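Residue strings, one per chain:
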Protein chains: 2
Amino acid sequence: MTVMETTPAPTPAPTRDPAAPEICPPPPAHPRPDGQDHYTISEVVAVTGLTAHTLRWYERIGLMPHIDRSHTGQRRYRNRDLDWLTLVGKLRLTGMPVADMVRYAELVREGEQTFAQRRELLERTRRDVRARIAELQGTLAVLDHKIDIYS
Amino acid sequence: MTVMETTPAPTPAPTRDPAAPEICPPPPAHPRPDGQDHYTISEVVAVTGLTAHTLRWYERIGLMPHIDRSHTGQRRYRNRDLDWLTLVGKLRLTGMPVADMVRYAELVREGEQTFAQRRELLERTRRDVRARIAELQGTLAVLDHKIDIYS
DNA sequence: CCCTTGCTTGGAGTGCGCTCCAAGGTTCTA
DNA sequence: TAGAACCTTGGAGCGCACTCCAAGCAAGGG
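These numbers were taken from a predicted model, which means no experiment stands behind them. (Residues numbered from 1 in each chain as written. Chains lettered and ligands numbered in written order. Predicted model: local features only at pLDDT ≥ 70, side-chain atom pairs only at ≥ 80, totals over all residues. Heavy atoms only, no water.)

Q: Describe the interface of chain B and chain A, naming the residues involved and giving the relevant values.
A: How large an interface is tends to be reported as the accessible area lost when its parts come together. On the side of chain A, 30 residues touch chain B, which itself brings 30 residues to the contact. Summed over both sides, the interface of chain B with chain A buries roughly 3,100 Å², with 73% coming from carbon and sulfur. Counting the contacts that link chain B with chain A gives two salt bridges. As a salt-bridge pair, Arg126 of chain B and Asp144 of chain A come within 2.6 Å of each other at their nearest N and O atoms. (Contact = heavy atoms within 4.5 Å. Buried area = accessible area lost by both parts, 1.4 Å probe. Salt bridge = Lys/Arg side-chain N within 4 Å of Asp/Glu carboxyl O.)

In structure tokens form, the structure reads like this:
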């Protein structure tokens, strides 16, 4: 029986303690196990907090670049893949649909001639995020007001 | 054939044009059709942007207070119901699960002795919203950086 | 009277983003 | 060399928040 597959995010996220004294400026968001540039799927699970299922699913739907394989067919992720997953994680936080991220991945695969389209997509996303923040701040005001009433 | 039921959010939301000159301070978010304190379901659809399906579903799952009925059984919403839907809309924007909103609705129905619990729920939500805003601002920084690169 | 519009119900269906399963091959540790 | 831990695949299943359907009732206009 494989235990790993069923563990629901043992490390909830690589969120650092916000109260910890910030000694080094920005330690890379993803603490990567070693200097080697290849990782098994379970190492990527440990680093990203995603499940192995999700990583394989991302690949199936075209959200990942080509992932190298070992001579027996096992995935060997590289640092650039981790970087990509970091970006995907950020975009996911914005609520961007996976289909849009797949579109972005396609643009990246198509090469340099899609720079303009990629920038446009990112700028649209940025507008959405700003609108979302404004919305949330409006909601915050309502919550503050309600909480006041309950005091 | 009933057309209304299939119209997907004809008025996307009561979002006012942000470029419009802001003459009156804050006009009530929901422009209510008249001074009368009862509305048919389709009037509520027009005001809230929700579908009639969703309004009936909200009622089924216990997210609404008791809604009055006409002598023929049709729903007659009142201003307090619109106020409630406004709050629900805000909470929905925060990503709060519907089940939690139902819980809040239950607390309201249980009366004054649940004030403390309601406040706690709202305070937890407020913390979540603040965390979410911080997250989004982090994402915004990443987007800014990426967009810079594409320029 | 009939037609259209709008409303009613319980239950079934949809789309998204995972999440899991079964059956089997591989790799590491003792 | 055994056994545990880990990896592979295609496809099925799940939870959420709606979304829609079918069949029927009620009210107003021509």
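Q: I'd like to hear about the side chain of Thr139 of chain B, residue by residue, with values.
A: As for its placement among the helices and strands, Thr139 of chain B is situated in helix H5 (residues 115-149). Residue Thr139 of chain B is classed as buried on the basis of its relative accessible area, which comes to 1%. (Helix = DSSP H or I, 4+ residues; strand = E, 2+ residues; numbered from the N terminus. Buried < 20%, exposed > 50% of the residue type's maximum accessible area, 1.4 Å probe, protein only.)

Q: Hey, could you go over helix H2 (residues 52-60) of chain B for me, with residue numbers and the actual values?
A: Residue and element names in this part refer to chain B. Every buried residue of H2 is listed here: Ala52, Leu55, Tyr58 and Glu59. Here the buried residues of H2 occupy an arc of 120° about the axis, which is enough to place them on one side. Looking at the buried side of H2, the elements it contacts are helix H1 (41-48), strand S1 (68-69), strand S2 (75-76) and helix H3 (79-93). (Arc of directions from axis to C-beta.)

Q: A description of the packing of aromatic side chains should follow, citing residues and the corresponding values.
A: Taken as a whole, this structure holds six aromatic pairs over all chains when the rule is applied. Ring geometry for Trp84 of chain A versus Tyr104 of chain A: centroids 5.9 Å apart, planes at 0°, classification stacked. Within this pair, whereas Trp84 of chain A is found in helix H3 (residues 79-93), its partner Tyr104 of chain A is found in helix H4 (residues 98-110), the two being separated by 20 residues in sequence. Neither Trp84 of chain A nor Tyr104 of chain A differs from the other in exposure class; each is buried. A centroid spacing of 5.7 Å and a plane angle of 40° characterise the contact between Trp57 of chain B and Tyr58 of chain B, whose relative ring orientation is tilted. For Trp57 of chain B, a relative accessible area of 39% gives the class partly exposed. On the accessibility criterion, Tyr58 of chain B (3% relative accessible area) is buried. (Phe/Tyr/Trp six-rings, centres within 6.5 Å; stacked < 30°, edge-to-face > 60°.)

Q: A description of the environment of Ala105 of chain A should follow, citing residues and the corresponding values.
A: Residue and element names in this part refer to chain A. Position of Ala105 among the secondary structure elements: in helix H4. For Ala105 and Met64, which are 41 residues apart along the polypeptide, the C-alpha to C-alpha distance reads 7.0 Å. The residues touching Ala105, leaving out its near neighbours within four places in the chain, are Gly62, Leu63 and Trp84.

Q: Tell me about the protein's contact with DNA strand D, and name the residues and values.
A: In the vicinity of DNA strand D, 22 residues are found, and the nearest of them are Ser42, Arg56, Arg60 and Arg75 of chain A together with His53 of chain B. A share of 65% of the atoms of DNA strand D within 4 Å of the protein falls on sugar and phosphate groups. Tyr58 of chain B places a side-chain nitrogen or oxygen 3.4 Å from a phosphate oxygen of DNA strand D. Mapped onto the surface near DNA strand D, the elements with two or more residues apiece are helix H1 (41-48) and helix H2 (52-60) of chain A together with H2 of chain B. Broken down by element, the residue count for the surface near DNA strand D peaks at four residues, all from H2 of chain B. Taken together, the residues of the surface near DNA strand D sort by class into six nonpolar, nine polar and seven charged. (Near = heavy atom within 4 Å. Polar contact = N/O pair within 3.5 Å; in protein donor to acceptor, adjacent residues only side chain to side chain. Nonpolar A, V, L, I, M, F, W, Y, C, P; charged D, E, K, R; others polar.)

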